[in-house]
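If you want the building blocks of each chain, they are given just below.
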Amino acid sequence: MRLYIFFILMSPVIVESATGKINHVRGEVSLTSQGKTTKALPGTVVSSGDNIKTGLKSFAIITMDDGATFKLGIKTDLSIPNDNSINLNSGSLFSKVSKQKPNQQFKVHTPVAVIGVRGTEFFTSYGQSEDKKSDVWMCVNEGSVEVTSTKGKKSVVVNEGEGVVIPVGQDVTPPKKYAWTKKLNWNLDPAKGEVENEVEIKYENLLKEDYD
């Protein structure tokens, strides 16, 4: 009697590492990498596993090697788990994502929603409080974004000029056009002018007002 033993070789799952750098800083910005926290400066390299935080009256701009650019608003907490994904833990974020490969999405994760894009420009912000579980809302400046509530699992496509709210424990609200979104400072390139967003966001009303 012969005993045949077959070895099945499994290809390892490879998670691509994200790399980039901080190219603009104003105010107090910190970077935590491999358990060590330092002051973030222009030119500082960021990679998968890193966490970036901005203080009061502070912001930062990060450019990734894949072309994606992020502008962190005041009191923002952002982490980079891997390539094609970031976690917005608190605060607000302007995102400009280059065109993705076929069947690929870039995703912004929050406790209440997952935002998936294939190449667009959008703004995401926590709402009524700084609590990680507070409402989240977002609006689109260019292209379109797919927003999925982690509670209701409902997906909504948000197009240019539209905004939605993702209340805690609820589905995404219907997209609606808000003219005031154009007043936000969407510039992410300091060489092209001022990059600080000075538009006051009335978080207590989220997207219920036109803000004209």
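Note that this is a predicted model, so its numbers are computed, not measured. Here, residues in each chain are numbered from 1, in the same order as that chain's written sequence. Where totals are concerned, whole chains, interfaces and linings use all residues; where local detail is concerned, this predicted model gives features only for residues with pLDDT of at least 70, and gives and counts side-chain atom pairs only at 80 or more. Computation of side-chain values: all heavy atoms of the structure, hydrogens and water removed.

(A) Structural detail: the sheet that holds strand β18 (residues 176–177). Reading across from one edge, β4-β1-β6-β7-β10-β13-β14-β17-β18 is the order of the nine strands in this open sheet, with antiparallel pairing throughout. Strands at the two margins of the open sheet, each flanked by one partner only, are β4 (45–47) and β18. When strand β17 (residues 162–166) meets β18, the two strands line up antiparallel, connected through two bridges. Bridge pairing in β18 links E162 to K177. In this analysis, strands are considered paired if DSSP registers two or more bridges between them. The way it works is that DSSP assigns letters per residue, a run of H or I at least four long becomes a helix, a run of E at least two long becomes a strand, and they are numbered from the N terminus.

(B) Region of interest: the nonpolar core. We define a nonpolar core as any set of buried Ala, Val, Leu, Ile, Met, Phe, Trp, Tyr and Cys residues linked to one another through side-chain atoms lying within 4.5 Å. Relative accessibility under 20% of the residue-type maximum defines a buried residue, over 50% an exposed one, and the middle range a partly exposed one, all with a 1.4 Å probe and only protein chains included. F122, M138 and V147 are the most contacted members of the largest nonpolar core, which has 37 residues in total. The next biggest cluster of nonpolar side chains, apart from the first, holds 10 residues, and it includes W137, C139, W186 and L188.

(C) Region of interest: the environment of E196. One can find E196 in the segment after β18. Of the residues examined, E196 reaches a relative accessible area of 29% and is grouped as partly exposed. Along the chain, E196 and N185 lie 11 residues apart, while their C-alpha atoms are 6.8 Å from each other. Contacts are residue-level and defined by heavy atoms, with any inter-residue pair within 4.5 Å sufficient. Beyond its immediate stretch of four places on either side in the chain, E196 contacts R26, F59 and N185.

(D) Examining empty space enclosed by the protein more closely. Put simply, the grid is 1 Å and covers the protein atoms alone, a cavity is a trapped set of points that fit a 1.4 Å probe, a pocket is an open set with protein on both sides within 12 Å along at least five of seven lines, and lining residues have an atom within 4 Å of a point. Grid points are joined across faces, edges and corners, and a volume is the space filled by probe spheres set on the points. Tallied over the entire structure, the rule returns one cavity of 30 Å³ or more. Quantified by volume, the largest cavity comes out at close to 50 Å³. Considering the residues around the largest cavity, the lining is formed by 12 residues, among which A18, M64, D66, N84 and F106 are closest to the centre. For the lining of the largest cavity, the secondary structure elements donating two or more residues are β8 (77–82) and β9 (85–90). Residues were grouped as follows: Ala, Val, Leu, Ile, Met, Phe, Trp, Tyr, Cys and Pro as nonpolar; Asp, Glu, Lys and Arg as charged; and all remaining residues, including Gly, as polar. When the residues that make up the lining of the largest cavity are grouped by side-chain class, the tally is seven nonpolar, three polar and two charged.

(E) Structural context of the pattern of salt bridges. Salt bridges are defined by distance alone: a side-chain nitrogen of Lys or Arg within 4 Å of a carboxyl oxygen of Asp or Glu. Tallying each qualifying case throughout the model produces three salt bridges. In this structure, the salt-bridge partner of D77 is K53, at a minimum N-O distance of 3.9 Å. Pair noted here: D77 is in strand β8 and K53 is in strand β5 (residues 51–54), with a separation of 24 residues, a long-range link. Residue class for D77 comes out buried when judged on its relative accessible area of 12%. Each of R26, E194 and E196 takes part in a single network of salt bridges with overlapping partners.

(F) Inspection of the pairing of strand β13 (residues 120–126) at higher detail. When you tally the buried positions in β13, you get seven out of seven residues, the bulk of the element. The alternating pattern of β13 places T120, F122, T124 and Y126 on one face and E121, F123 and S125 on the opposite face, and all of these are buried. As paired strands, strand β10 (residues 92–97) and β13 are joined by six bridges and run antiparallel to one another. By the bridge assignment, L93 is partnered in β13 with T124.

(G) Representation of the confidence of the model for the protein. In predicted models, pLDDT denotes the confidence assigned by the predictor to each residue on a 0 to 100 scale. Confidence in the prediction of the protein, expressed as mean pLDDT, is 81, and 80% of residues score 70 or more. Every residue in residues 1–15 is under pLDDT 50, and counting partners more than four places away or in other chains gives one contact.

(H) Structural detail: the sheet that holds strand β11 (residues 106–109). With respect to topology, nine strands assemble into an open sheet ordered β3-β2-β5-β8-β9-β11-β12-β15-β16, the strand pairing being mixed. On the outer flanks of this sheet lie β3 (36–39) and β16 (155–159), each paired with one strand and no other. Direction aside, neighbouring strands of the sheet carry axes that sit 20 degrees apart on average. Here β9 pairs with β11 via three bridges, running parallel. Counterpart to I86 in the pairing with β11 is V108. Helix axes use the C-alpha atoms of the stretch in contact, all axes being lines fitted to C-alpha atoms, and the angles between their N-to-C directions lie in the range 0 to 180 degrees.

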